[in-house]
Amino acid sequence: MNKRFDVTKPSMPPIEEYIEELGTIWSSRWLTNMGEKYAVFSSRLKEYLNVNSIQLFCNGHNALELALISLDLPKGSEVITTPFTFVSTTFAIIRAGLRPVFCDINEDDFTIDTSKIESLISEKTRVILPVHVYGNVCDVEKIEEISNSNNLKVVYDAAHAFGEKYDEIGIGNFGDISMFSFHATKVFNTIEGGCLCYKDEDLQDKLRTLPNFGIKSEEEIELIGTNAKMNEFQAAMGICNLRHIDDAIEKRKNAYHEYVDRLADIDGIETGIPNDMVSSNYAYMPVCVNADIYGINRDDLYDKLKEYNIYARKYFYPLTNSLQFISNLADVGQTPVAESVASKILTLPIYEDISSTDIEYICECIKLQRK
Ligand SMILES: *Cc1c(COP(=O)(O)O)cnc(C)c1O
């Protein structure tokens, strides 16, 4: 096939819908700084995610960094997190002046291994920062128990978990703060963008002013902020994409199940087991390549698939705690499970309009490589 398969393809609304939103931006000449689109998007999003408080940002990374800054922790405070994630998670901690302490992950869902958290707590620990990786929801109940008994804050990197529910509760309601990313490659996008959902109403002022230079009103500047505002064009994209999100997730669900069915026939290619408590968004299609059974390893499969125009990705390899330049800034720890997963994981192309024929082709190519 000549067609190119990337790991993801951004969801886009019918162009007419976006043009209609642009019309009002053109007539108001209000391009950024919390305009009409921003207000409409913020309130619709809050409703969709079923959360009490929300703050929009220009992207997910800045949102996460500012979430940590808003907690006003002593410099060098420790944050327990995992290395099996996008570098953004780890960098947000370091850039906020804090110290990542790496905890290992579960072998089956790749989220933080809660049985290993407590042994990593020191007198400097202030935050647990788990990742709902691929939209796999962390053990939110156990994490709440640990944070309560140790008086720690919980900030979730929920970049992959947009629109998910755990036990019928919107995923943004767990922990003190959750960050969602609306990057073009995510399940829901505003081109670039992100938000924080948070519990403590006292954070509201800070989270509002931090992305706008700390400016509270024309003559009041209350803290050292930065520029991390979502602009009107991003918000307009959000308004449009939000209208179609349920449909997009439904299509991903069908694609996901089609993959699982087809891959079940291929020995050595392992897919995950769904969590009954979670209504998933099917953000990614991760598989583990068990080289002993499949015959070739993950790296060879990745290279081979490229010859067929299939651009799978090694999400997440390398681990963030293997980056040499952060070794002085973090407790890299021992994370053997994360190391093993990172060596065999491959995420396959999945997006809302991937067709049955596309998935059949990709699975046939994977089958052909088996030795
Ligand atoms: C995408 C992503 C981020 C960063 O979000 P941006 O919107 O791209 O800044 C953070 N953490 C994880 C796990 C991500 O996948």
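Scroll up a little and you will see the structure.
Residues numbered from 1 in each chain as written. Predicted model: local features only at pLDDT ≥ 70, side-chain atom pairs only at ≥ 80, totals over all residues. Heavy atoms only, no water.

1. Here's the deal with the overall build of the chain
Within the chain one finds eleven helices and 17 strands. The globule rule puts the C-alpha radius of gyration for 371 residues at 21 Å, and the 21 Å found for the chain is close to it. On the principal axes, the C-alpha backbone points of the chain span a range of 70 × 55 × 40 Å. Here the chain, with 371 residues, has 52% of them falling under the buried criterion. (Helix = DSSP H or I, 4+ residues; strand = E, 2+ residues; numbered from the N terminus. Rg over C-alpha atoms; globule rule 2.2 N^0.38 Å. Buried < 20%, exposed > 50% of the residue type's maximum accessible area, 1.4 Å probe, protein only.)

2. Some details on the nonpolar core
Generally speaking, nonpolar side chains in soluble globular proteins are found buried as a group. Core analysis: the largest hydrophobic core is formed by 85 residues, its most contacted members being Phe41, Leu45, Phe84, Phe180, Phe182, Leu263 and Leu348. Among the nonpolar cores identified, the runner-up in size contains 25 residues, and Ala63, Met179, Leu196 and Leu210 belong to it. (Core = buried A, V, L, I, M, F, W, Y, C linked by side-chain atoms within 4.5 Å.)

3. Focus on the packing of aromatic side chains
This model, assessed by the stated rule, comprises 20 aromatic pairs. Each ring, one from phenylalanine 110 and one from tyrosine 134, has its centre 5.7 Å from the other, and the planes form 90 degrees; the classification is edge-to-face. Separated by 24 residues along the polypeptide, phenylalanine 110 in the loop between β4 (99-102) and β5 (125-129) and tyrosine 134 in the loop between β5 and α5 (140-150) bring together distant segments of the chain. The exposure class of phenylalanine 110 is buried, given its relative accessible area of 8%. (Phe/Tyr/Trp six-rings, centres within 6.5 Å; stacked < 30°, edge-to-face > 60°.)

4. As for the environment of threonine 320
Its place among the elements puts threonine 320 in the loop between β16 (310-311) and α10 (336-344). For the pair formed by threonine 320 and tyrosine 18, sequence separation is 302 residues and the distance between their alpha carbons is 37 Å.

5. Let's talk about the environment of aspartate 157
Relative to the assigned elements, aspartate 157 resides in strand β6 (residues 153-157). A C-alpha to C-alpha distance of 11 Å links aspartate 157 and cysteine 195, two positions 38 residues apart in sequence.

6. Let's talk about a nonpolar patch on the surface
Side chains of Phe213, Ile215 and Ile221 sit close together on the surface and give an oily, nonpolar patch of about 290 Å² of accessible area. Relative to the elements of secondary structure, phenylalanine 213 occurs in the loop between α6 (204-209) and β11 (215-217). Judged by its relative accessible area of 42%, phenylalanine 213 falls in the partly exposed class. (Patch = residues over 30% accessible without salt bridge, like charges linked within 9 Å, V, L, I, M, F, W, Y side chains within 5 Å. Areas by Shrake-Rupley, 256 points an atom, 1.4 Å probe, with all protein chains shown as cover. Salt bridge = Lys/Arg side-chain N within 4 Å of Asp/Glu carboxyl O.)

7. Some remarks on the site of the ligand
Of all residues adjacent to the ligand, which total 15 residues, the nearest are His61, Asp157, His160, Ser181 and Lys186. Here histidine 61 contributes a backbone N or O atom positioned 2.8 Å from an oxygen atom of the ligand. Interatomic distance of 2.7 Å between a side-chain N/O atom of histidine 160 and an oxygen atom of the ligand. Among the secondary structure elements, those contributing two or more residues to the shell around the ligand are α3 (60-70), α4 (87-95) and β9 (177-181). Here the shell around the ligand is composed, by residue class, of three nonpolar, ten polar and two charged. (Near = heavy atom within 4 Å. Polar contact = N/O pair within 3.5 Å; in protein donor to acceptor, adjacent residues only side chain to side chain. Nonpolar A, V, L, I, M, F, W, Y, C, P; charged D, E, K, R; others polar.)

Take it as geometry only, folks, not as evidence of what the structure does.
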